[in-house]
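# Survey of secondary and tertiary structure
Residues per chain, in single letters:
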Amino acid sequence: MVDQPMQQEHAPGGWLRAALSSRNLLLGLALSLVFVGAALLSFLWTPFDVTKLDIPNKLMTPSATHWFGTDHFGRDIFSMIMVGARTSIAVALVAVSIGMALGVPLGLAAAARSGGWLDEIIMRANDLVFAFPALLIAIMITAIFGPSALNAIIAIGIFNVPVFARITRGSALALWGRDYVLSARVSGKGAVRISAEHILPNIANLLIVQGTIQFSLGILAEAGLSYVGLGAQPPIPSWGRMLADSQTMISFAPHLAMFPGFSILFTVLGLNLMGDGLRDIFDPRIRRGRG
Amino acid sequence: MGRYFLKRLLSLTLSLVVASVVIFVAIEVVPGDPASYMLGINAQPDTVAALRQELGLDVAAVPRYFNWISGLVRGDFGTSYTYRTPVADMIGERMWVSLPLALFALTLSTLIAFPAGILAATRRGSIWDVMVMGITQLGIAIPNFWFAMLMVLVFAINLRWFSAGGFPGWDTGLLVGLKALLLPAISLALPQASILARVMRSALLDTLDEDFIRTARAKGLSVGQTLRRHALRNAMIPVLTIIGLQFSFLLAGAIIIENVFFLPGLGRLVFQSISQRDLIVVESVVMLLVFAVVVVNFAVDMAYGAVDPRLRGRS
């Protein structure tokens, strides 16, 4: 709902001080770092091999050997959570990048030609994409190409495009009326250069905040898609898939559902808190508790 | 108002036309022929050709698109490749689960969010405000299908208050049907209620700072009267926008939640159809959901006019 560019009132040193005093930001950062760290670490090391089946030790409750217990194939849940973090984060991150890479230029172009046919086409196309929730896009893509993590990325990515286009257009429009943009126009700069040199740097903060929010939504969407079998396919561990597998065993092995569920919850919570914290720092107007 | 209505109506029609083209083209480029798929790898070419003709697949893409659209308008969604029954009947049956579920969730979401948002805004900074903000932060972050599983664990498996899934049908009674939909509706509503409560709080806080609220209080109106007559009405625009957007999330979210509770709704139908490559069903359900989303957003636009007469003049 923010259609005004964010104010930048901090001196360079003030940023750090504001960041360190923001409880939301620190807690969010800590939570996010835990999962990003786990994902990165999983490339080098996991306590157990997630592809190795160990049927005699299946459905074990948490213990000193298996910190989060084992699943119905005897695989170590802690290791699966680590590798699953990789899937979730990669899918969400690439999807947000697609949304930004396409949405931001479209939004900038629409704002630069505000009221013109280009603006109209871009905004109507955005309305159209908004009519397709990410899940419907995923369903269509899966119906055509079959389920995979890549198709989940494309579905969530397409859904992100209008989000970024809209927010970029809204905040860029407010900047086009500013004096410094006017003077850049007077000095002969074209719309592309003004957008790149003057508009984009001034809305970058806003895009970072929105990026954090879309990242957390991407994690939730990936989990949902994997849960219904439209995302990452076995044997690649993913949190949504782990929850789907645990469903029929929830009455006698509830721990199978707890760890992936809490991992999604804490990652999303961390990113949301980080987004709130960043917004508070970037936009002092809403620091009064409006968030 | 008339011009505003017409302009929005035109935009709605255009959106639907483009959406139908997108869906049709997307499903048309599917690799693989449904007729060959249905008959298996040993089918004779002339049998496949006969089936293609029966299903209308031998017609060129453009006339087939118009056949599809004119069928949709008449309520004829074609025949399921797999079950050989009219798609409209299959959708009709399942709609009676998915639509009530989405509406039930929307009602719950609004019933939870309004009081929570108003409480937090009117008691800004109090323990109530902190609690509402904390709980909604969790509500937004929790995956709703996981929350649904936890509710099944607690209320169906441990306490045995509800059944763990399935739907007995509306002919067993309204209350029985609603009871079967209660846990799914709560799990769908929780994240949406959390978002809505935050938007309500934020919109109300903005409004409560306005001069006209101070004037209303100075005139001698009580806090409750000021809220009802002035603040809430003005805070409704962003709240309505979010409710409109939420409907599409609820419909789409219902697809996943139906799978948690094994509800025979549109969501289950879509997944079955995908696995059976019954693409005509996928095509029709997706079009129907997009239609619902576009129409609801149109209704929200119209509601703006009712809530805020100033918008009627703008076109």
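Basis of the calculations
- Sequence order as written defines the numbering, with residues in each chain counted from 1.
- Think of it this way: whatever chain is written first is A, whatever ligand is written first is 1, and the rest follow in order.
- Local features are withheld for residues below a pLDDT of 70 in this predicted model, meaning they are given only at 70 or higher, and side-chain atom pairs are given and counted only at 80 or more; totals for whole chains, interfaces and linings count all residues.
- Numbering of helices and strands starts at the N terminus; helices are DSSP runs of H or I of at least 4 residues and strands are runs of E of at least 2.
- A pair of residues counts as a contact when their C-beta atoms, built from backbone coordinates, are separated by no more than 7 Å.
- Put simply, a residue is buried when 20 or more other C-beta atoms lie within 10 Å of its own C-beta and exposed when 12 or fewer do; between those, it is partly exposed, and each C-beta is set from the backbone.
- Note on definitions: angles span 0 to 180 degrees between N-to-C directions of axes, and those axes are lines fitted to C-alpha atoms, for helices only across the stretch in contact.
- Rotating anticlockwise by less than a right angle from the far helix to the near helix defines a left-handed crossing, while the corresponding clockwise rotation defines a right-handed one.
- Three classes are used: nonpolar for Ala, Val, Leu, Ile, Met, Phe, Trp, Tyr, Cys and Pro, charged for Asp, Glu, Lys and Arg, and polar for all others, with Gly counted as polar.
- Helix span, as expected, comes to 1.5 Å for every residue beyond the first.
- Connectivity within a nonpolar core runs through C-beta atoms within 7 Å, and the core itself is a set of buried Ala, Val, Leu, Ile, Met, Phe, Trp, Tyr and Cys residues.
- For every residue, the pLDDT score states the predictor's confidence, bounded by 0 at the bottom and 100 at the top.

Scanning chain B from N- to C-terminus turns up twelve helices and zero strands. From first element to last, N terminus to C terminus, chain B shows the α and β order α-α-α-α-α-α-α-α-α-α-α-α. Taking the principal axes of the C-alpha coordinates as reference, chain B spans close to 85 × 55 × 35 Å. A separation of at least 24 residues holds for 71% of the contacts in chain B among residues at least 6 apart in sequence.

Right, let's get into the overall build of chain A. The number of helices and strands found in chain A is ten helices and zero strands. Overall, chain A shows an N-to-C arrangement of helices and strands of α-α-α-α-α-α-α-α-α-α. The C-alpha extent of chain A, read off along each of the three principal axes, is 75 × 50 × 35 Å. Split into buried and exposed, the 291 residues of chain A put 50% on the buried side. A separation threshold of at least 6 residues defines the contact pool for chain A, and within that pool the share at least 24 residues apart is 71%.

Before going further, it helps to spend a moment on helix α9 (residues 239-246) of chain A. Among the eight residues that make up α9(A), seven are buried, leaving the element largely enclosed by the rest of the structure. Contact partners of the buried residues in α9(A): α3 (77-112), α8 (191-227) and α10 (255-282) of chain A together with α7 (144-158) of chain B.

It is worth spelling out the packing of helix α5 (residues 134-145) of chain A against helix α6 (residues 149-176) of chain A at this point. All names here are of chain A. As a packed pair, α5 and α6 sit with axes 9 Å apart at the nearest point and diverge in direction by 145°. In terms of crossing hand, the pair formed by α5 and α6 is right-handed. Residues Ala134, Ile137, Ala138, Ile141, Thr142 and Phe145 of α5 form the contact with α6, whose participating residues are Asn151, Ala152, Ile154, Ala155, Ile156, Ile158 and Phe159. Across the contact of α5 with α6, the residue classes tally to eleven nonpolar, two polar and no charged.

Right, let's talk about helix α6 (residues 127-141) of chain B for a bit. Here α6(B) is 15 residues long and its end C-alpha atoms lie 21 Å apart, about the 21 Å a rise of 1.5 Å per residue gives. Buried-residue contacts for α6(B) involve α10 of chain A together with α5 (87-122) and α8 (174-208) of chain B.

The next subject is the interface of chain B and chain A. Counting from both sides, the interface comprises 40 residues of chain B and, opposite them, 32 residues of chain A. Contributing elements (two or more residues each) for the side of chain B that touches chain A: α1 (2-28), α6, α7, α8, α10 (223-260), α11 (266-275) and α12 (279-307) of chain B. Looking at the side of chain B that touches chain A residue by residue, the class counts come to 33 nonpolar, six polar and one charged.

With that settled, the discussion passes to the environment of Leu159(B). Residues and elements named next belong to chain B. Position of Leu159 relative to the elements: it lies in the loop between α7 and α8. Residue classification places Leu159 among the exposed positions, given that 9 C-beta atoms sit within 10 Å. Separated by 92 residues in the primary sequence, Leu159 and Asn67 place their C-alpha atoms 52 Å from one another.

Residues and elements named next belong to chain B. Mapped onto the fold, Ala203 is located in helix α8. When the C-alpha atoms of Ala203 and Ala235 are compared, they prove to be 5.1 Å apart, with 32 residues separating the residues in sequence. If we skip the residues at most four places from it in the chain, Ala203 touches Ala235, Pro238 and Val239.

Residue and element names in this part refer to chain A. Here Gly69 lies in the loop between α2 (23-44) and α3. Placed 135 residues apart in sequence, Gly69 and Ala204 show a C-alpha to C-alpha distance of 43 Å. Excluding anything up to four places from it in sequence, Gly69 contacts Met60, Thr61, Pro62, Ile77 and His255.

On to unusual backbone geometry, then. Following Pro234(A), the chain continues to Pro235(A) via a peptide bond in cis, the omega torsion being 10°. Looking at where Pro235(A) falls in the secondary structure, it is placed in the loop between α8 and α9. Unlike most non-glycine residues, Phe262(B) shows phi in positive territory, near 50°.

The next subject is the nonpolar core. Leu136(A), Ala138(A), Ile139(A), Ala148(B), Val239(B), Val286(B) and Val290(B) are the most contacted members of the largest nonpolar core, which has 171 residues in total. Per element, the largest residue contribution to this core is 19 residues, and it comes from α3(A). Setting aside residues no more than four positions away along its own chain, Val290(B) makes contact with Ala131(A), Phe132(A), Leu136(A) and Ala19(B).

This part takes up the confidence of the model for chain B. On average, residues of chain B carry a pLDDT of 86, and 96% of them reach 70 or more. Interface confidence for the predicted complex, given as ipTM, is 0.87, next to a pTM of 0.87.

Residues and elements named next belong to chain A. Looking at chain A, pLDDT values average 86 and 93% of them are 70 or higher. When the elements of chain A are averaged for pLDDT, helix α1 (residues 12-20) gives the smallest value, 72, and α3 the largest, 94. When the criterion is pLDDT under 50, residues 1-8 qualifies, and its contacts beyond four places in sequence or with other chains add up to 20 contacts. For residues 287-291, every residue scores under 50 in pLDDT, and the model assigns this stretch nine contacts once sequence neighbours within four places are set aside.

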